[in-house]
Amino acid sequence: MEDVRGATAFITGGAQGIGRGIARAFAGAGMRLALADVDADALAEARAELAEVTDVAVFELDVRDRERYAEVADAAERSVGPVSVLVNNAGVGVGALQSISAELSYATWDYVVGINLDGVNNGIQTFLPRMIERGGPGHVVNTSSAAGLAVFPERSSGYTYHASKFAVTGLSEALRRGLADEGRPIGVSVLIPGMVGTKVGENSVRMLPAGVVSDRELAAMNELAEAGDAALRTYGRDPDEVGAMVLAGVRADLLYLPTDRLAADVVVKRAEALVAAMPAEESRYDSALADAMRERRAAR
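Cut-offs applied
Residues numbered from 1 in each chain as written. Predicted model: local features only at pLDDT ≥ 70, side-chain atom pairs only at ≥ 80, totals over all residues. Heavy atoms only, no water. Helix = DSSP H or I, 4+ residues; strand = E, 2+ residues; numbered from the N terminus. Expected span 1.5 Å × (residues − 1). Buried < 20%, exposed > 50% of the residue type's maximum accessible area, 1.4 Å probe, protein only. Contact = heavy atoms within 4.5 Å. Salt bridge = Lys/Arg side-chain N within 4 Å of Asp/Glu carboxyl O. Core = buried A, V, L, I, M, F, W, Y, C linked by side-chain atoms within 4.5 Å.

Chemist: How should helix H6 (residues 159–181) be read in this particular structure?
Modeler: Since the α-helix packs 3.6 residues into each turn, any two residues three or four apart lie on the same face. Compared with the 33 Å implied by 1.5 Å per residue over 23 residues, the 33 Å span of H6 between its first and last C-alpha is a close match. Thr160, Tyr161, His162, Ser164, Lys165, Val168, Thr169, Ser172, Leu175 and Leu179 are the residues of H6 that are buried. Buried residues along H6 sit against helix H4 (100–103), helix H5 (106–134), strand E5 (138–143) and strand E6 (186–192). Once H6 finishes, Gly183 follows within two positions and takes phi at roughly 75 degrees, a positive value.

Encoded structure:
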């Protein structure tokens, strides 16, 4: 989607961190903005800043709430126009702040996966049919993570976070393939943040629903979040740089948008281990499947 000037973007988690960086880059490119976030104060700040550059509307939204999502989508399009760029960016990282034993609860799963994965799907289910009906052009950006490519050997926890982010990566790849197969002029990118200077730890813990963890666990998680966010501020890429990368990726219709090479070595080792674990010889099923796939590609 090379020509973005005048287009409308809907960005979840858009009032802070990476979302705010994307919003700034889009606004600078002449795009109109609809920003959704759970933080009302951050939304007010974002609107005050960005309204000096472009048309902007803001909405309080928990991306797990499908009915509210539909209401916000209607209001956003009435306010700033039909959405042609969707950025599913809202996310939490609380699973990475717990031990495996502490993480084993349905409440943690529902919180992390509900926002990181269901929230992405809710954005797609809400906006993509509208984009398809209008005929495009359009673009979808889904925020995954370096933890959505591989499990780092330095980590022993965060299985809910890894599960949700691996799923976002696969969802994005499949969605892009499906839209291309149908000839839709709608691109899909997966944003893969590594080290980015945000307050993801603080925000993830702050938004935890009551009763998900004990007071003792909450105190420990706050300490980890503070240390983690400090490291991100020290070593991470600036969110505005990430916003510029996303804008360039939308214009060039790139699938993968990694912010750094944090996962490079781990991804290579994982791929090598997977290939090494496969049977040495093809079975009759492998050959038949390969033939069928070649025939399908030739028929397109």
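What follows continues from the structure just given.
Chemist: It is not clear to me how the pattern of salt bridges should be interpreted in this structure. Could you clarify?
Modeler: A side chain of one charge can pair with a side chain of the opposite charge if their charged atoms are brought near each other. Within the structure shown, the criterion is met by 14 salt bridges. Notably, a salt bridge pairs Glu71 with Arg68, separated by 3.9 Å at the nearest N-O pair. Of the two residues, Glu71 and Arg68 both sit in helix H3 (residues 66–80), three residues apart, roughly one turn of that helix. For Glu71, a relative accessible area of 48% translates into the label partly exposed. A cluster of three or more residues bridged by salt bridges with shared partners is formed by Arg20, Arg24, Glu49 and Asp240.

Chemist: When you look at the nonpolar core in this model, what are you seeing that I'm missing?
Modeler: Side chains of nonpolar character tend, in soluble globular proteins, to be buried together. Membership of the largest hydrophobic core comes to 37 residues, with the highest contact counts inside it found for Phe10, Phe127 and Leu208. Of all elements in the fold, only strand E2 (32–37), strand E3 (56–60), H3, strand E4 (83–88), H5, H6, E6 and helix H8 (215–235) reach the threshold of two or more residues within this core. Per-element accounting of this core gives the leading share, eight residues, to H5. Among all residues touching Phe10, those that are not within four sequence positions of it are Ala34, Ala36, Leu61, Tyr69, Val72, Ala76, Val83, Val85, Leu86, Val87 and Phe127. Ala15, Ile22, Ala25 and Met31 belong to the second largest nonpolar core, which has 32 residues in total.

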